[in-house]
Structures are given as C-alpha cells and as structure tokens.
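# Chain and residue survey
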Amino acid sequence: DHRREVIATMKELGATGTRVFTIYLAQVLLLAGGGGIIGMALGAALPYLVNWTLGALIPLPIAPAVHASELALALVYGLLTAFAFALWPLGRAHDVPVGELFRDAVTPQPRWPRKIYMALTAVAVITLATLAVLLAYDRRVAVIYVGAAAAVFLLLRLVAALLMQLARRVPHTRSTGLRMAVANIHRPGALTPTIVLSLGLGIALLVTVIEIDGNLRRQFSAELPARAPSFYFLDIPSGDAQHFETFLRAQAPGARLEDVPMLRGRIISAHGTPAEDLKPKDDAAWVLQSDRGITYATKVPAGSRLVEGQWWQPDYDGPPLVSFEKKIADGLGLKLGDPVTVNVLGRNITARIANMRTVDWQSLSINFVMVFSPITFRGAPHTHLATLTYPNGGNAAREGDVIGAVARSFPMVTTVRVKEALEAIGAIVANLVLAIDGASAITLLAAALVLGGALAAGHRHRVYDAVILKTLGATRARLIGAYSIEYLLLGGATALFGVLSGSLAGWLIVSELMHLRFTWLPWPALLAALGAVAVTIALGLIGTFSALGQKPASVLRNL
C-alpha cells in the first residue's frame, strides 16, 4: 500500500510488471524470512520458559529441547503464509496501469489479478493446508481445524460484505458526523473487511474460551460437589451388605444410603458379531476395552430414564434380559431385541436387549451401562457398591469420623471420598483452562497486531480524507467524532457477531464434545466484547490524531 506510488513510478520509467512483481515478492519473502527467524528463536526458548514458570502446574514431565526439524517446519509455514497473501496484491499491481496506481492513493478500485496469480494464490493456500494436515499428529483434528479456519474466514468476509451493504442502504441522516461514519464503512478502500476479520476472530475465540472456562468451573466447583455423594464404598461382601447398611445408618443418621449389587463382566459379542470385529463409534469404544461393572435390578435405577422398550416385571423369571445405556448402544449399533454376550466369572451369558435408558452420569450416583434382570445372576457370587450422601453436604470432621469407623469395622471395604476426587479433577481442569487461556492470549495478541496493521495501512487514506475535509471547513472535533462513530459501529457489529459465534462454539464444545450441561454466561462475554470495542476505538483514534495533525498544503501538493 505504501509503495504504490513507487511502483507506479518504476512502471512509468519502463519497468515491466514482471520485474515489479519479482522485486517486491523477493522483499516480502526476505522480510518474512527475517521475521520467521525471530519467531523460531522465540519458539525455541518458550518451552524452557514454560518449564521454568509453569512446570509445577503441568502433571506431565517436560524436558525442553531444540528440535531443528520442527523449527524448520515453522519457518516453512511462515514463508508459505507470506507467499500466499502477497501473490494477490502484487499480481494486481502487475497489470494495473500507471494512472490507476496513482489514483488508487485516493480512490482505490477493485481489480482482479491475472489468472496465473489467482491460480498461484490458490496453490499456495492449498499447499499450506495440505502440509498442515499431512504433518499433523492427528490428521482428523487437522482437517477439522483447516476446514473451520476456511469457514470462519469466508463467514467473516461475508459478515463484512453484509455490513457494507447495510451501511450503503441506510437512509441519510442530518447528522454530518454520523453520515460520514456510515459512508466510511462502505466506501472504496474501507477498513471494514480487515477489521471484521481480525476483531471478529479474536472476540469469537475469547468468548469461546470464556464460556468453556465458566462452564467447567461451574461444573466442577459448584454443581457436582453440591449433589455428589460424599463417599463411595467398594467391595462390600454380599453376606455383610445388610450389616454394613445398618452400621452406616447408625454412623450417619439422616444421610441417604444407596446400595446395589455389582459384578464385573466383559462384552464378548453383540448382535452375533465378536467384540473384536465390532466397529464402535469413538465415544463408545471404551465399553469393549476391558471388564465393565454390571448389576441387576427389579426397577429402573435412580438417575436413569427409560427411553425405549419396557422394563421387566419385578417377578420376571424368563430368559436373561439386559437394559442398555442409549448412547453406548447407538455407538455399538445395537437395537432392541439384539443379543449381547457377556463373560462373567468365566461363564458366557447371553441376554436380549429389552430396553434402553439415558443416564445422568453427572449426578455421580450409582449407574451402569448394562443392568440385567435379577434372574440372570441368581446364585452368582458378587459384592455390593454403596454411596452415602449428606443432605446438605458433609464437613471434614464428620466425613473423617465415617472413614475411621468403616476402616475399623470393615477393613475389607474400600472407601473413596468423592470430595477429594472432585478437588483433584478441579485442579486438572484449572490447569487445562490456564493452558487454553495462554494459547488464546497469543491468538488475541496476533489479532490486535493485525488490527493495528490494518489501521496503519489505511492511515494514508485517513490523511487524505482529513486534509480534504479540513480544507472544506471540517473541524478537528467533528472529524474525531465521525471517526469515533465509525469505529464504534464497526466494533459493535463485529463484537455482536463474535459473542454469538463464540457462544455457539462454546455450546458445541461443552455439550457435544465434553458431554456436559451448558449454561450461557452472558456478562463475561459481553464485557470481553466491550473491551474489544474499546481497543478498536482506541487504536483507530491513535492513528486518526496523527492524520488530523497533517498540514493541508504539503499533502495537497503531493496529490
């Protein structure tokens, strides 16, 4: 943008379009290489810095080292990115007549480059995406990332085009400042596309992280501890189950006790197909990997809801039946009536699926993927599993007394204090969120730099606008007001899109990937959006102040 007059002068003095293209592409790649080397040095040092500052928070050992191949790959990514984004504008400069290049300084006009440059741009982008996929550790995730990046790029470009169309169709107002602000949004060379791309992506990412962070913290710090059992008791001998229940009721009067029989079994086959030949979905494959806890019951377990089929009668005395968790059954391709063979205590037992349930796993109450009819395991040796839940939550002293009493009277029973497990999970989640926050901060910093670069690139146009308007009688206060309204309208519209898209992404990640209950947290998201709008206005006005300080004579003389 700043070399447009130089390029025009070179072409006027006889330089060919190819020579101009070659000179400036070489400059871009040299600058990209220099920046890439700086980035390589920072990237190589960052693991050492992370290990020194945050090593104690990371649950895995880190041994920082310099990996030359990875650093070279990073440099290739940088050069390819610079190459891809430089081809289009330089290709356009190849054929633009000298007169149009000079006029571009005041009224830039859209113009397509030659087909060869359009094709080279497409090849560079495709090469960059292909390299990212082929060299990724998980290619499926890489494909999703590349597809999402392309979709977001096109979506934000569409949002910018819609904003410009809307501004073009808005009725004229009597307010000069507002009319100028609206015109700046859709005029040739407007900053709308670049501001929407950089700011929109940054806000969307920030809101996504805020929603995920808030929901995880709420889940593991508030909801789960409030309704989770205080204790799990494992390996209760079947013959001592009644005695253990009486003992616990005496130790914790008023607390709710839940007790179920428990066995362990491995799925051998389903609907006639051996387990090793099944092709389960990713979220259901774990059921086939080892022994699973199973139980039997006369009624639908608490925390479950029957969604297909009928529950057996309490006195059912027919062939073995099993109730399957709905999502797991779908993941294994099972339907009502399908036979499932489970190996329990060395014996294969085949049961027909009588019904399917949805399970609220987040309640942390006792529940199983498979619940059999009682007749299935008549006479089989087994243990019991029990939970103890205080109505208003237990305190440390009360829970310590229960642990000690159980250990003395029933040494064979394993006691698990749920609060300690939740605290450990909460600490892991907090560290995970900290890592996500760090990664998002880098992306937000990049977005701010891109936004600043976009405003800097448009600075020359602002100078010309300010000088002409000041010559025609506009005051500095009126121009500042007009530019402030422009940045406020652009930032506000982009922030609205960022909040909506970020909230949607947060909902998809929390509910569909993490399978947790999602609650929209509006205030943190809106505060983040307001902060981004404030940054946009501040960056815009910083450049505007210097534009307004230009003397009209010197600028007009160079037009």
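Residues numbered from 1 in each chain as written. Predicted model: local features only at pLDDT ≥ 70, side-chain atom pairs only at ≥ 80, totals over all residues. Heavy atoms only, no water.

### Some details on the nonpolar core
Definition in use: Definition of nonpolar core: a set of buried residues of the types Ala, Val, Leu, Ile, Met, Phe, Trp, Tyr and Cys, connected through side-chain atoms within 4.5 Å. The buried label goes to any residue with under 20% of its type's maximum accessible area, the exposed label to any with over 50%, and the partly exposed label to all in between, with areas taken from a 1.4 Å probe on protein chains only. Secondary structure is summarised from DSSP: a helix means a run of H or I of at least four residues, a strand means a run of E of at least two, and numbering begins at the N terminus for each. Throughout, a contact is declared for two residues whenever any of their heavy atoms are within 4.5 Å.
Grouped together as the largest cluster of nonpolar side chains are 28 residues, with contacts concentrated most on Ile195, Leu479 and Tyr483. If you list the elements that add at least two residues to this core, you get helix 7 (176-186), helix 8 (192-227), helix 12 (418-457), helix 14 (476-513) and helix 15 (522-548). Looking at this core element by element, the count peaks at eight residues for helix 14. Tyrosine 483 has contacts with Asn184, Arg462, Asp465, Ala466, Leu541, Thr544 and Leu548, leaving out every residue within four places of it along the chain. If you look at the next biggest cluster of nonpolar residues, it comprises 26 residues, including Ile328, Ile349, Ile353 and Phe372.

### Quick notes on the packing of aromatic side chains
Selection criterion: Working definition: rings of Phe, Tyr and Trp (its six-membered ring) pair if their centres are within 6.5 Å, and the pair is stacked with planes under 30 degrees apart, edge-to-face with planes over 60 apart, and tilted otherwise.
A full pass over the atoms with the stated rule returns seven aromatic pairs. Judged by centre distance (5.0 Å) and plane angle (85 degrees), the ring pair of phenylalanine 244 and phenylalanine 410 falls under edge-to-face. Highlighted residues: phenylalanine 244 in helix 9 (residues 241-251) and phenylalanine 410 in the loop between helix 11 (396-409) and strand 11 (414-417), separated in sequence by 166 residues. Here the two residues phenylalanine 244 and phenylalanine 410 agree in accessibility, since each one is buried. Clustering of aromatic rings is evident, with ring pairs tying together Phe231, Phe233, Phe244, Phe247 and Phe410.

### So, empty space enclosed by the protein
For clarity, the threshold we go by: In this analysis a 1.4 Å probe is tested at points of a 1 Å grid over the protein atoms alone, and where it fits but cannot get out there is a cavity; an open set with protein on both sides within 12 Å along at least five of seven lines is a pocket; lining residues have an atom within 4 Å of a point. Grid points are joined across faces, edges and corners, and a volume is the space filled by probe spheres set on the points. For this scheme, ten residues count as nonpolar: Ala, Val, Leu, Ile, Met, Phe, Trp, Tyr, Cys and Pro. Four count as charged, namely Asp, Glu, Lys and Arg, and the remainder, Gly too, count as polar.
Within this structure, the stated rule accounts for one cavity of 30 Å³ or more. In this model, the largest cavity occupies a volume close to 60 Å³. Contributing to the lining of the largest cavity are ten residues, with Leu455, Arg462, Tyr487, Gly540 and Gly543 lying nearest its centre. Mapped by element, the contributors of at least two residues to the lining of the largest cavity are helix 13 (459-471) and helix 15. Among the elements that make up the lining of the largest cavity, the one with the highest residue count is helix 15 (four residues). When its residues are assigned to classes, the lining of the largest cavity shows four nonpolar, five polar and one charged.

### Brief notes about the pattern of salt bridges
Note that side chains of opposite charge can pair when their charged atoms are close. Using the following cut-off: Salt bridge, as used here, is a side-chain nitrogen of Lys or Arg placed within 4 Å of a carboxyl oxygen of Asp or Glu.
In total, this model carries six salt bridges according to the counting rule given. As a salt-bridge pair, aspartate 330 and lysine 326 come within 3.4 Å of each other at their nearest N and O atoms. On the criterion of helical spacing, the pair formed by aspartate 330 and lysine 326 is a turn pair, its members being four residues apart in helix 10 (residues 326-332). Of the charged contacts in the structure, one is a salt bridge between glutamate 399 and arginine 417, with a shortest N-O distance of 2.6 Å. With glutamate 399 in helix 11 and arginine 417 in strand 11, the pair connects residues that are 18 residues apart, well separated along the chain. The pair formed by glutamate 399 and arginine 417 is uniform in burial state, with each residue classed as buried. Where salt bridges share partners, they join Glu308, Lys326 and Asp330 into one cluster.

### Points about the pairing of strand 4 (residues 292-296)
This is how it is decided: Pairing between strands is defined by DSSP: at least two bridges between them are needed.
Most of strand 4 is tucked away, with four of its five residues classed as buried. Where strand 2 (residues 256-270) lies against strand 4, three bridges are found, and the strand directions are antiparallel. Bridging from a neighbouring strand, glycine 265 pairs with arginine 292 of strand 4. Two strands pair when backbone bridges link them, and strand 4 and strand 9 (residues 370-372) are joined in this way by two bridges, in the parallel orientation. In the sheet register, threonine 295 faces strand 9, and the bridge partner there is valine 371.

### What to know about the packing of helix 5 (residues 115-134) against helix 6 (residues 139-169)
Note the following rule: For every element, the axis is a line fit to its C-alpha atoms; helices are fit only across the contacting stretch, and the angle between N-to-C directions ranges from 0 to 180 degrees. Small angles under 35 degrees read as roughly parallel and large ones over 145 as roughly antiparallel, with 65 to 115 read as roughly perpendicular and the rest as oblique.
Look at helix 5 against helix 6: their axes get within 8 Å of each other, and the N-to-C directions meet at 155 degrees. Taken as axis vectors, helix 5 and helix 6 run roughly antiparallel relative to one another. Residue-level contacts link Ala129, Ala132, Val133 and Leu134 of helix 5 to Arg139, Ala142, Val143 and Val146 of helix 6. Looking at the contact of helix 5 with helix 6 residue by residue, the classes come out as seven nonpolar, no polar and one charged.

### Things to note about helix 1 (residues 4-12)
Short version of the rule: The directions considered for the arc are those from the helix axis to the C-beta atoms.
The complete set of buried residues in helix 1 reads Arg4, Ile7, Ala8 and Lys11. For helix 1, the angular spread of buried residues about the axis comes to 100 degrees, placing them on one side. Within two residues after helix 1, glycine 14 carries a phi angle of roughly 115 degrees, on the positive side.

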